[in-house]
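For reference, the chains in residue letters:
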2 protein chains.
Amino acid sequence: MGGDHGAAVVIPGAELSQQRHPDAEFLLFGDRSVVEPLLATRPALKAAAKFIHTDVAVAMDAKPSQALRQGRWKSSMWLAIDAVKRGEADVAISAGNTGALMAMAKFHLKTMPGIDRPAIAARWPTVRGESIVLDLGASIGADAQHLVNLAVMGSAMARVLLSLERPKVGLLNIGVEEVKGLEQVREAGRILREAKVPFLDYTGFVEGDAIGQGLVDVVVTEGFTGNVALKAAEGTARQIAKYLRGAMSQSVWSKLGYFLARGAFRSVAAKMDPSKANGGVFLGLNGIVIKSHGHTDPEGFANAVDIGYDMVRQSLLEKIRRTLMLNQSEAPRVAGGTVS
Amino acid sequence: MGGDHGAAVVIPGAELSQQRHPDAEFLLFGDRSVVEPLLATRPALKAAAKFIHTDVAVAMDAKPSQALRQGRWKSSMWLAIDAVKRGEADVAISAGNTGALMAMAKFHLKTMPGIDRPAIAARWPTVRGESIVLDLGASIGADAQHLVNLAVMGSAMARVLLSLERPKVGLLNIGVEEVKGLEQVREAGRILREAKVPFLDYTGFVEGDAIGQGLVDVVVTEGFTGNVALKAAEGTARQIAKYLRGAMSQSVWSKLGYFLARGAFRSVAAKMDPSKANGGVFLGLNGIVIKSHGHTDPEGFANAVDIGYDMVRQSLLEKIRRTLMLNQSEAPRVAGGTVS
């Protein structure tokens, strides 16, 4: 029921994803009067789906605490998360209220052993392909251990989604010599360098412009900075698109040029298309929850579902758990080694 | 002597700026064997310039503490700052080592009354024109009062450089409801809203994508986030430029299209041209110091000089001082009003 268009985007999106993954099964939670007409015209999806009616939906502008108080046990959002909790679903996907989704997911699924706070991670298009960036705003601030946990979770996600054996991981930092970055970022770098986590290749600090250049596969930062970086990049892409549209309609020659090169323009637009990288993954919980952009289209929502499918098929949670356990059993020895 | 190309960019850059501002006078500090041949072929600049020889130059990779120890009293960078200190120059401009320049400027010029830490501010191209963004990395972290000081200094800079009576100021924040931003950002917002500073129109929080949209004239954030946002945006611009170059050479049609629309492409490139917005302004010191990008060209360096010229002509420091004094005399009353 969430997002700018609710079931009108979610149901066609689920249908697209189901065509790509015929073995996927769907539990759909929402209002009968809206969902059933959309399902009626989609027999293949209907056959693969179970629909559960609820007339409670979390409002897009509800505060997380309010959503938790009013929507617990009965809202479509809660019921989807609850299906993951009870093992009936492998992954929950919502285009709804991000804060409410995170609050409910954290409250109900709880964080993994060794993880204090969940994170939001997403794919980021780069000149070399794609990278994973986290945390995009699940929490503000991070001590060194939280940054290390983000590196572990992000690299597990990169292994699954980008099919990498040992993803290159960088810690986001700033290059001005005088200040040389936060103490906790330096400390996290030290831990990662010395811990030699087997599934993660720690390459050092990276600056903001390294993200789009794809210098590393996983970019780690705390949630405030990550959110600002993501939105600054999105804003810049929109800004350039606007400049280009304006410039290409300036003269007859530029209009003709645009017409001849329209295939090239389309290929660039596709590379920067936010719906392609749609799907913020909540990491660090006992269950997979994915937040689709609220203003996405069916193709974008289908991409969020695809991400969930891939992560379940390739045992993301198990990979995170195993690396965290390795990392935790290593940690005391490493710390001792440093002190001596 | 600083930057990737040293005097070979600085001298032609000074010449360009001098052509635009015939009343400007230059003090040039550097190595005689490099600078004098460049001056010899530029009689107009030579007539408006005084050259002071020094054979000490701060290395681009020197640590700030090291530069301060080894370059104080004698390096070209120090001598330029010292000229501002002694009132012989109105502004110092360098393409050299940022950390060293900030360390020397802070050590020698000292911060203004009421300002604990200086900031770096720059112009940022937007779809509506230009905005001022600060702090871009002079210091990490900020309490509410430092954010308020940044707002005051940034709006003084916007009044001068963007010719605005009462610039709109926004505090950079993240929109995820659950976390709703840092306590100090909220507190700074409260102070700015209640203080009603006469030369500043505080409009509330803005997210990262609002910068490029030009929703406000001044974007305020602490140095770590500001630096990451700037570089993430620059990286995205380079990324899209690379996509476009690749796409336009794909086929005969796209090549022809590019040829016909090349004027339009050039106008977009000019809008995003980093040399146009070149010049990080150190704010909060008793004197104006400007950092040009190290890898800029003569036109970019000239732009950094132009910024300095405008700020001196329009009494930037006096405007900051006056607003700070207003703000400080107002503060106790405002705080009392809030507590009651």
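Cut-offs used in this document
- Residues numbered from 1 in each chain as written.
- Chains lettered and ligands numbered in written order.
- Predicted model: local features only at pLDDT ≥ 70, side-chain atom pairs only at ≥ 80, totals over all residues.
- Heavy atoms only, no water.
- pLDDT = per-residue confidence, 0-100.
- Contact = heavy atoms within 4.5 Å.
- Phe/Tyr/Trp six-rings, centres within 6.5 Å; stacked < 30°, edge-to-face > 60°.
- Helix = DSSP H or I, 4+ residues; strand = E, 2+ residues; numbered from the N terminus.
- Buried < 20%, exposed > 50% of the residue type's maximum accessible area, 1.4 Å probe, protein only.
- Lys NZ or Arg CZ within 6 Å of the ring centre and 35° of its normal.
- Buried area = accessible area lost by both parts, 1.4 Å probe.
- Salt bridge = Lys/Arg side-chain N within 4 Å of Asp/Glu carboxyl O.
- Polar contact = N/O pair within 3.5 Å; in protein donor to acceptor, adjacent residues only side chain to side chain.
- Expected span 1.5 Å × (residues − 1).
- Least-squares fit on C-alpha atoms with pLDDT ≥ 70 in both.
- Pairing = 2+ DSSP bridges.
- Axes fitted to C-alpha atoms, helices over the stretch in contact; angles between N-to-C directions.
- Core = buried A, V, L, I, M, F, W, Y, C linked by side-chain atoms within 4.5 Å.
- Patch = residues over 30% accessible without salt bridge, like charges linked within 9 Å, V, L, I, M, F, W, Y side chains within 5 Å.
- Areas by Shrake-Rupley, 256 points an atom, 1.4 Å probe, with all protein chains shown as cover.

Visitor: Can you break down the confidence of the model for chain A residue by residue, with the values?
Guide: Put simply, chain A has an average pLDDT of 88, and 92% of its residues get 70 or more. Of the regions scoring below 50 in pLDDT, residues 330-340 of chain A engages in five contacts with residues more than four places distant in sequence or in other chains.

Visitor: Describe the packing of aromatic side chains, naming the residues involved and giving the relevant values.
Guide: Scanning the model with the defined rule gives seven aromatic pairs over all chains in all. Relative to phenylalanine 107 of chain B, the ring of tryptophan 78 of chain B lies with its centre 6.1 Å away and its plane at 55°, an arrangement referred to as tilted. Pair noted here: tryptophan 78 of chain B is in helix α5 (residues 76-85) and phenylalanine 107 of chain B is in helix α6 (residues 98-109), with a separation of 29 residues, a long-range link. The class for tryptophan 78 of chain B is buried, based on a relative accessible area of 1%. Each member of the aromatic cluster is reached from another via a ring pair, and the members are Tyr258 and Phe265 of chain A together with Tyr258 and Phe265 of chain B. The positively charged end of arginine 262 of chain A is found above the aromatic ring belonging to phenylalanine 259 of chain A, 4.1 Å away from the centroid. Positioned above the aromatic ring of phenylalanine 107 of chain B, the side-chain terminus of lysine 110 of chain B is 5.6 Å from the ring centre.

Visitor: I'd like a description of the interface of chain B and chain A, backed by residues and values.
Guide: Interface size is commonly expressed as the accessible area that is lost once the parts come together. Taken together, the contact between chain B and chain A spans 62 residues of the former and 61 residues of the latter. Summed over both sides, the interface between chain B and chain A buries roughly 5700 Å², with carbon and sulfur atoms accounting for 72% of that surface. Applying the counting rule to chain B against chain A returns four salt bridges. For the pair chain B and chain A, the interface holds 12 residue pairs in polar contact (both at pLDDT 80 or more).

Visitor: Account for helix α1 (residues 7-20) of chain A, with residues named and values stated.
Guide: Between its first and last C-alpha atoms α1 of chain A spans 20 Å; for 14 residues at 1.5 Å apiece the expected length is 20 Å, and the two agree. Of all the residues in α1 of chain A, the buried ones are Ala7, Val9, Val10, Ile11, Pro12, Gly13, Ala14, Ser17 and Gln18 of chain A.

Visitor: Please give an account of the environment of leucine 68 of chain B that cites residues and values.
Guide: Residues and elements named next belong to chain B. As for its position among the elements, leucine 68 is in helix α4 (residues 64-71). Among the residues examined, leucine 68 registers a relative accessible area of 15% and is labelled buried. Considering only alpha carbons, one finds leucine 68 and tryptophan 78, 10 residues apart in sequence, at a separation of 8.5 Å. With residues up to four places along the chain from it excluded, the contact list for leucine 68 reads Trp78, Ala103, Met104 and Phe107.

Visitor: Help me get a handle on the relation of the copies chain B and chain A, residues and values and all.
Guide: By a simple turn and slide, chain B fits onto chain A: the slide is 0.0 Å along the axis, the RMSD is 0.0 Å, and the turn is 180°. Accordingly, the operation relating the two chain copies is best matched by a two-fold axis. Taking C-alpha positions as the reference, the residue of chain B nearest the rotation axis is glycine 257 of chain B, at 1.8 Å. Of all interface residues in chain B, 98% are interface residues in chain A too; the two copies therefore contact each other through one and the same surface.

Visitor: How would you summarise the environment of alanine 195 of chain B if you had to cite specific residues and measurements?
Guide: Residue and element names in this part refer to chain B. Considering the arrangement of structural elements, one finds alanine 195 in helix α8 (residues 183-195). You can call alanine 195 buried: its relative accessible area is 8%. Measuring from C-alpha to C-alpha, the distance between alanine 195 and valine 148 comes to 10.0 Å, with 47 residues separating the pair along the chain.

Visitor: Talk me through the sheet that holds strand β8 (residues 218-220) of chain B; I want residue IDs and the actual numbers.
Guide: All names here are of chain B. An order of β3-β10-β9-β4-β5-β8-β6-β7 is seen for the eight strands of this open sheet, with the pairing classed as mixed. For this open sheet the edge positions go to β3 (91-94) and β7 (201-206), each flanked by a neighbour on one side alone. For this sheet, the mean inter-axis angle between neighbouring strands, taken without regard to orientation, is 25°.

Visitor: Report on the nonpolar core, specifying residues and quantitative values.
Guide: Counting 86 residues, the largest nonpolar core has Met157, Val220, Leu283, Met311 and Leu316 of chain A as its most contacted members. When residues in this core are grouped by element, the largest group, 12 residues, is from helix α7 (residues 144-161) of chain A. Leaving out residues up to four positions away in the same chain, methionine 311 of chain A has contacts with Met157, Val160, Leu161, Val281, Ile288, Ile290 and Leu316 of chain A. If you look at the next biggest cluster of nonpolar residues, it comprises 44 residues, including Leu147, Leu192, Val220 and Ile320 of chain B.

Visitor: Which residues make up a nonpolar patch on the surface, and what are the values?
Guide: Residue and element names in this part refer to chain A. The grouping of Trp253, Leu256 and Phe259 at the surface amounts to a nonpolar patch, some 340 Å² of accessible area in total. Counting through the fold element by element, tryptophan 253 comes out in helix α11 (residues 252-260). We classify tryptophan 253 as exposed; its relative accessible area is 54%.

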